[in-house]
Amino acid sequence: MSTTSDQGAGRVAVITGASSGIGEATARALAASGHRLALLARRGDRIRALADEVGNGAIAIEADVTDRDSISKAAARVKAELGGTDILVNNAGIMLLAPFTADGHDDHRRMIEANLLGAMTVTEVFLDQLRDGSGDLVNLSSVAGRTARPGNAVYAATKWGLNGWSEALRQELQPDVRVIVIEPGAVATELTDHITYPDAKHAAEQMYKQLAITADDIAEVIAFAVTRPQRMSLNEILVRPTAQA
Ligand code: NDP
């Protein structure tokens, strides 16, 4: 399967959450297919090192998807330094698994603000740039955007929300912008490191240890989707580890 085509070389991709996991792997995959990159995350040291590594004019921009000002400044830098945005990958996210109780209030807010409102804010700010050319909007949803389970209520709500929002945008933005929703199952990244509820963290880590696929597996799928000819659109891609229930 080739991940390169006419659609690749020279297009500018903005990736949120590029400092680890799927975002970092996607940066490498898109750089390999000739894209120019803007790497966004809060951990500046990591994205600066990655920008140096991938080269081809890549820029690193410290930004928090829950802070609209930092995203507006990032969009202005991308316009000034790279000429605009062809591909926006809304990847930044957190998964704070736990049974739903009042104790989880802070975690609930953090997930909604980063996973759902964050993606909306970044998209709203970058939308004019995406519409300037033939843009691609890639939203990182999850299997949890289709299947809710005990312990993932709010995380699933953010990803179900992302799916509904994406489908409306697909119809609103066509044919100028392709909307591509990626729904991974378990992928070995730093995602489970941030879970604050010990039992849920332990269970997730055990499950991931047994069957998780790699961030590169997902990055290849993203690179494939955005390099298809403009006439076609891979709108929704569900990718599970083969052994995942
Ligand atoms: P990681 O924890 O490895 O990466 C998450 C990234 O999001 C980091 O780069 C982090 O950067 C960034 N991030 C988190 N909060 C913010 C914020 N407020 N502002 C800016 N950046 C932020 O996890 P993954 O790579 O696994 O996760 C990427 C996406 O994939 C998420 O949306 C996740 O829900 C989704 N996903 C992951 C699956 C998995 O099993 N791993 C399965 C299904 C979906 P920094 O901390 O430097 O800001």
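Each value, and the rule that gives it
Residues numbered from 1 in each chain as written. Predicted model: local features only at pLDDT ≥ 70, side-chain atom pairs only at ≥ 80, totals over all residues. Near = placed C-beta within 6 Å. Nonpolar A, V, L, I, M, F, W, Y, C, P; charged D, E, K, R; others polar. Helix = DSSP H or I, 4+ residues; strand = E, 2+ residues; numbered from the N terminus. Expected span 1.5 Å × (residues − 1). Buried ≥ 20, exposed ≤ 12 C-beta atoms within 10 Å, placed from the backbone. Arc of directions from axis to C-beta. Contact = placed C-beta atoms within 7 Å. Pairing = 2+ DSSP bridges. Axes fitted to C-alpha atoms, helices over the stretch in contact; angles between N-to-C directions. Core = buried A, V, L, I, M, F, W, Y, C linked by C-beta atoms within 7 Å. Right-handed = clockwise from strand over helix to strand, strands pointing away. Parallel < 35°, antiparallel > 145°, perpendicular 65-115°, else oblique. Left-handed = near helix turned anticlockwise from the far one by under 90°.

Draft legend 1. Structural context of the site of the ligand. In the region of the ligand, 29 residues are neighbours, and Gly17, Gly21, Arg42, Arg43 and Gly93 sit closest. Grouping the amino acids of the shell around the ligand by side-chain chemistry returns twelve nonpolar, 13 polar and four charged.

Draft legend 2. Fine view of helix H7 (residues 215–226). Relative to the 16 Å expected for twelve residues at 1.5 Å per residue, H7 spans 17 Å between its end C-alpha atoms, a close match to the ideal helical length. Of all the residues in H7, the buried ones are Ala215, Ile218, Ala219, Val221, Ile222, Ala223, Ala225 and Val226.

Draft legend 3. How the structure looks around the environment of alanine 153. Within the element layout of this structure, alanine 153 appears in helix H5 (residues 153–173). For the pair alanine 153 and arginine 77, spaced 76 residues apart in sequence, the C-alpha to C-alpha distance is 37 Å.

Draft legend 4. Structural context of helix H2 (residues 44–54). Listed in full, the buried residues belonging to H2 are Ile47, Leu50, Ala51 and Val54. Buried residues of H2, viewed axially, fall in a sector of 100 degrees; they line one side. Facing away from the buried side of H2 by more than 90 degrees, the exposed set consists of Asp45, Asp52 and Glu53. Buried residues along H2 sit in contact with helix H1 (21–32), strand S2 (36–41) and strand S3 (59–62). Downstream of H2 by a residue or two, glycine 55 has a phi angle that is positive, lying close to 65 degrees.

Draft legend 5. Representation of the sheet that holds S3 within the structure. Read from one edge of the open sheet, seven strands run S3-S2-S1-S4-S5-S6-S9, paired in parallel fashion. A strand with exactly one partner marks an edge of an open sheet, and here the two such strands are S3 and strand S9 (236–239). Averaged over all pairs of adjacent strands, the angle between their axes in this sheet comes to 15 degrees, without regard to strand direction.

Draft legend 6. Spotlight on the nonpolar core. Ranked by size, the top nonpolar core spans 71 residues in total, and within it Leu37, Leu39, Leu40 and Ile222 carry the most contacts. Sorting elements by how many residues they give to this core places H7 first, with eight residues. Leave out the neighbours within four places in its chain, and leucine 40 touches Val14, Ile15, Thr16, Ala18, Ile61, Ala63 and Ala74.

Draft legend 7. Here's a closer look at the pairing of strand S1 (residues 12–16). Judged by how many residues are buried, S1 sits mostly within the fold: five of five residues are covered. Neither face of S1 is open: one carries Val12, Val14 and Thr16, the other Ala13 and Ile15, and all of them are buried. Both S1 and S2 contribute to a ladder of five bridges, which runs parallel. By the bridge assignment, alanine 13 is partnered in S2 with leucine 37. Crossover S1 to S2 through H1 is right-handed. Taken together, the three bridges between S1 and strand S4 (residues 87–90) define a ladder with parallel strand orientation.

Draft legend 8. Summary view of the packing of H1 against H7. Interaxial distance between H1 and H7 falls to 8 Å at its minimum, and their mutual angle equals 50 degrees. Regarding the angle of H1 to H7, the classification is oblique. Between H1 and H7 the crossing geometry is right-handed. Taken together, the residues of H7 that come into contact with H1 (itself represented by Gly21, Ile22, Glu24, Ala25, Thr26, Arg28, Ala29 and Leu30) are Ala215, Asp216, Ile218, Ala219, Glu220, Ile222 and Ala223. Per-class residue counts for the contact of H1 with H7 are nine nonpolar, two polar and four charged.

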